[in-house]
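A structural walkthrough
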Amino acid sequence: MAVDELQAIIQRCQILEEADFKGEDFNLFQVAGQKCLEDGYAAQLLEVIQNEKNKVIVKNMGWNLISPLVRCIFMYKQEDDKREHCLRILDQLAQLCNPKELLLGLLEQIEQTSGEQVCQTVMLLLQPLQTVLLKLQNKKAYSVGLSLAMIMNQLTPLPIPYTKQQIQEDKLGLCQCCNAVVDFAKPFVNEVVKNMEKSSEYNDMELKEELIKFCMKSLKYPLLTAQLEQIEGIEEHPFRHFATEIIDILWNIRELIPLVFVHHKGKSPSWENLEFADVDRKNSADALACLSYLMFVQHFGVECFPVVFSPSYLLLCNMTHIEVLLKRTEESVLSKGLDLFESCLLRMEDNSLLHHYLEFRDFINVPQDLVKIMTLCPMEHMRKKSLNILQLFIDKFDTEGKSTLFRCLLKTSNHAGVEGYIIKNIKDQIHLALTKEYDNVWFTGHHLISLLDLVLSLPEGAETDLLQNSDRIMASLNLLRYLVIKDGESDNQTGVWTTLGKIGQNFLKPLRVGLNMSKAHYEAEIKNKKENRKEAQTSNTVCSVTVSGEKMPAMTTGMQLQVLHSALFTFDLIESVLARVEELIEVKTKAVMDDN
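The rules behind these values
- Residues numbered from 1 in each chain as written.
- Predicted model: local features only at pLDDT ≥ 70, side-chain atom pairs only at ≥ 80, totals over all residues.
- Heavy atoms only, no water.
- Helix = DSSP H or I, 4+ residues; strand = E, 2+ residues; numbered from the N terminus.
- Buried < 20%, exposed > 50% of the residue type's maximum accessible area, 1.4 Å probe, protein only.
- Contact = heavy atoms within 4.5 Å.
- Areas by Shrake-Rupley, 256 points an atom, 1.4 Å probe, with all protein chains shown as cover.
- Core = buried A, V, L, I, M, F, W, Y, C linked by side-chain atoms within 4.5 Å.
- Phe/Tyr/Trp six-rings, centres within 6.5 Å; stacked < 30°, edge-to-face > 60°.
- Lys NZ or Arg CZ within 6 Å of the ring centre and 35° of its normal.
- Salt bridge = Lys/Arg side-chain N within 4 Å of Asp/Glu carboxyl O.
- Axes fitted to C-alpha atoms, helices over the stretch in contact; angles between N-to-C directions.
- Parallel < 35°, antiparallel > 145°, perpendicular 65-115°, else oblique.
- Left-handed = near helix turned anticlockwise from the far one by under 90°.
- Expected span 1.5 Å × (residues − 1).
- Nonpolar A, V, L, I, M, F, W, Y, C, P; charged D, E, K, R; others polar.
- pLDDT = per-residue confidence, 0-100.
- Polar contact = N/O pair within 3.5 Å; in protein donor to acceptor, adjacent residues only side chain to side chain.

What to know about the overall build of the chain
Counting secondary structure elements, the chain contains 25 helices and 4 strands. Counting every position in the chain, which comprises 596 residues, the buried fraction comes to 48%. Sequence-distant contacts in the chain: of pairs separated by 6 or more residues, those separated by 24 or more amount to 75%. When the accessible surface of the chain is split by element, carbon and sulfur atoms take 51% of a total near 30,700 Å².

Below you can see the structure in the form of structure tokens.
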């Protein structure tokens, strides 16, 4: 019988000194204890462990029972007495065992668990783990850090509940587990706070640094990808509660404000392996970006925030974080980047952001990232939001800043639709310059002329793909038509009349030649398709189209004709505006000559 075997080993070990215990004794105790648990004799095992005479034996050998004990706890149902006995044994082991050995046993058990049992195992072992760590007294920093890192590493692979239903179900127990881990860390936070209050020159930074690492890991996972908006029907959102707790820890250990404003707080680990160093930098950047989102969008910890910083300085501090978030492709992370950018911009007045800020790399990179989202993101609401935020960003700059930003985007966007949008913005700024009383040198005169050189041109002359660039070309023609109508040749505030010859040479003439060539080519194609249509219909011939290296669904002859006619319609549209611009120029030029 298992209990008899255990009693025999206990009686043998009771007469030995602690130093005389052998490896064989440890093995026999573990096997007999495990058999007691598996055969349902947990109550008898509990009696043995509680017996004062066995204190030394349990202290040295008890930690070996952790693995079978955890298995049995999960095997029994919640209301089963045997489960209750197992939980009491676990509590006794936490009180009696050698702390260092039990710590390793508990961490080993957490490390070995996987899948659906991760959160259950972590929550089961948090209390004994905390008890053991508190018994380590002053030398606990490394062990606390190791424990928190092990727990977070085990949680990280788990999928994060995102929808209302998933959060309410909390199928794997992640929401509950995250908040339990914060409670587990609180005694160690209190210890750091207490020591800092005792001395203004608190030098024992090890435990504090381990807590910072835990907070940074928590910001990266689960908070970076978690849904943190208030959800109707959920009274206390578990991830919002978790975020509040993490912010509180950072505030209590006096690291919240430094982390918000200092991008590289503290010592970075000096990795010999450059790949590890890159991963560490990326994780830190993700965590700090999430922290800024929590502070400036969700307003966690806002009551701690000093109200002394200008909106432009806050934007400057956050641009690095915004860039980090906008580089990601996950909707939950990308939306945080857009929300953070929008929040920073809405604090500012229009035309208040000085052009000098464009000397910072992030102020050039972020609008380029917005352009990528606008043109490549598969989610329509994200594309629309990016466009709105780009316009907001443009509106905040002074006139020189707008001019510089327009130049940059025209040179880097490589997208006709975006270029057309920028050209429309240029037209709006010219209109303001011509209709307002104060001088606007950046959208009139020689500054505007150099900008128009970029706008009123064809990338490849007459051979430019007019269909591909139709948005840009139409916007350019509309701008030129506006300039010719609004700015008389006698006033010439914009300088357009001075440079008309150059515009004609670089833009209007090549465009006319390109239109004639394109129309002739497409008309010939239509004629050819119509002549072969009968044969194509008989044989059900289809053609394949390749876009960006990917084959699109096959097209019938009828569909091909539709596409060709659509292209011709676009060319006719461009030609009608071009003809109107040429007519206006001719009429105005003739009128001036007649006056002279």
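There is more to say, and it comes next.
Structural notes on the nonpolar core
The biggest cluster of nonpolar side chains holds 177 residues, and the ones touching the most others in it are Leu 155, Phe 214, Leu 294, Phe 341, Leu 477 and Leu 511. Sort the elements by how many residues they give to this core and helix α11 (residues 174-198) lands first, with 12 residues.

Description of the packing of aromatic side chains
For the structure on display, the rule yields 15 aromatic pairs. Each ring, one from Phe 261 and one from Tyr 313, has its centre 6.0 Å from the other, and the planes form 15 degrees; the classification is stacked. Taken together, the residues Phe 261 in helix α14 (residues 256-261) and Tyr 313 in helix α16 (residues 311-326) connect sequence positions 52 residues apart. For Phe 261, a relative accessible area of 16% translates into the label buried. Note on Phe 406 and Phe 443: the rings are 6.0 Å apart at their centroids and 65 degrees apart in plane angle, and the pair reads as edge-to-face. Of this pair, Phe 406 sits in helix α20 (residues 399-412) while Phe 443 is found in the loop between α21 (416-435) and α22 (445-455), placing the two residues 37 residues apart along the sequence. With respect to burial, Phe 406 and Phe 443 carry one shared label: buried. Among the aromatic residues, those joined into a cluster by ring pairs are Phe 341, Tyr 357, Phe 360, Phe 363, Phe 393 and Phe 397. The ring of Tyr 482 is capped by Lys 427, whose NZ or CZ atom sits 5.3 Å from the centre of that ring.

Structural notes on the pattern of salt bridges
Across all of its chains, the model carries 25 salt bridges by this definition. The closest approach of N and O atoms between Asp 286 and Lys 282, which form a salt bridge, is 3.2 Å. Of the two residues, Asp 286 and Lys 282 are both situated in helix α15 (residues 274-296); the distance of 4 residues between them amounts to about one turn of the helix. For Lys 282, a relative accessible area of 44% corresponds to the partly exposed category. Here Arg 580 ties to Glu 583 by a salt bridge, and the two come within 3.6 Å at their closest N and O atoms. One end of the pair is Arg 580 and the other is Glu 583, both in helix α25 (residues 557-595) and 3 residues apart, which spans about a single turn. Overall, the relative accessible area of 41% leaves Glu 583 in the partly exposed class.

Observations concerning unusual backbone geometry
Cis peptide bonds are those with omega within 30 degrees of zero, and the linkage from Tyr 221 to Pro 222 qualifies with 10 degrees. Structurally, Pro 222 is set in helix α12 (residues 206-223). Even without being a glycine, His 299 presents a positive backbone phi close to 60 degrees. Mapping His 299 onto the fold places it in the loop between α15 and α16. Judged by relative accessible area, His 299 falls into the partly exposed class, the value being 43%. Here Asn 492, not a glycine, exhibits a phi torsion of approximately 50 degrees, which is positive.

Overview of the packing of helix α18 (residues 361-376) against helix α19 (residues 380-396)
Where α18 meets α19, the axes come as close as 8 Å, and the angle between the chain directions of the two elements is 150 degrees. Considering their axes alone, α18 and α19 lie roughly antiparallel with respect to each other. Here α18 and α19 pass one another in a crossing that is left-handed. Of the residues in α19, those in contact with Phe 363, Pro 367, Leu 370, Ile 373 and Met 374 of α18 are Met 382, Arg 383, Ser 386, Leu 387, Ile 389, Leu 390 and Phe 393.

Focus: the environment of Val 297
Relative to the elements of secondary structure, Val 297 occurs in the loop between α15 and α16. Residues Val 297 and Leu 340, spaced 43 residues apart in sequence, show a C-alpha to C-alpha distance of 5.9 Å. If near-sequence neighbours (up to four positions away) are discounted, Val 297 is found in contact with Ser 292, Asp 339, Leu 340 and Ser 343.

Digging into helix α9 (residues 141-155)
The end-to-end C-alpha distance of α9 is 21 Å, a good match for the 21 Å that 15 residues give at a rise of 1.5 Å each. Burial analysis of α9 places 11 of its 15 residues in the buried class, the great majority of the element.

Description of the environment of Thr 131
You can see Thr 131 is positioned in helix α8 (residues 118-134). Sequence separation between Thr 131 and Pro 99 is 32 residues; the distance between their C-alpha atoms is 8.9 Å. Excluding residues that lie within four positions of it along the chain, Thr 131 makes contacts with Ala 94 and Gln 95.

Considering the environment of Val 455
Tracing the backbone shows Val 455 in helix α22. Sequence separation between Val 455 and Leu 480 is 25 residues; the distance between their C-alpha atoms is 9.7 Å. Sequence-distant contacts of Val 455, defined by excluding residues within four places in its chain, comprise Leu 410, Ile 423, Ile 426, Arg 472, Ser 476 and Leu 479.

Some points on helix α23 (residues 470-486)
Taking 1.5 Å per residue as the helical rise, α23 with its 17 residues ought to reach 24 Å, and the 24 Å between its terminal C-alpha atoms agrees with that figure. Counting buried positions along α23 gives 12 out of 17 residues, so the element sits mostly inside the fold. Buried residues of α23: Ser 470, Arg 472, Ile 473, Met 474, Ala 475, Ser 476, Leu 477, Leu 479, Leu 480, Tyr 482, Leu 483 and Val 484, and no others.

Describing the packing of α18 against α20
Viewed as axis vectors pointing N to C, α18 and α20 meet at an angle of 50 degrees, and their least axial separation amounts to 11 Å. Considered as vectors, α18 and α20 are oriented oblique to each other. Relative to α20, the crossing made by α18 is right-handed. Every residue of α20 that contacts α18 at Ile 364, Pro 367, Gln 368 and Val 371 is listed here: Leu 405, Cys 408, Leu 409 and Thr 412. Looking at the contact of α18 with α20, its residues break down into 6 nonpolar, 2 polar and no charged.

Description of the confidence of the model for the chain
Per-residue pLDDT for the chain has a mean of 87; in total, 87% of the residues score no lower than 70. Segment residues 264-271 is flagged for pLDDT under 50; beyond a separation of four residues in sequence, or across chains, it makes 7 contacts in the model.

Quick notes on the side chain of Asp 339
Inspection of the secondary structure puts Asp 339 in helix α17 (residues 331-346). Residue Asp 339 is classed as buried on the basis of its relative accessible area, which comes to 15%. There is a polar contact of 2.3 Å between the side chain of Asp 339 and the side chain of Lys 385. Not counting the four nearest positions on each side in its chain, Asp 339 is found in contact with Glu 229, Tyr 293, Val 297 and Lys 385.

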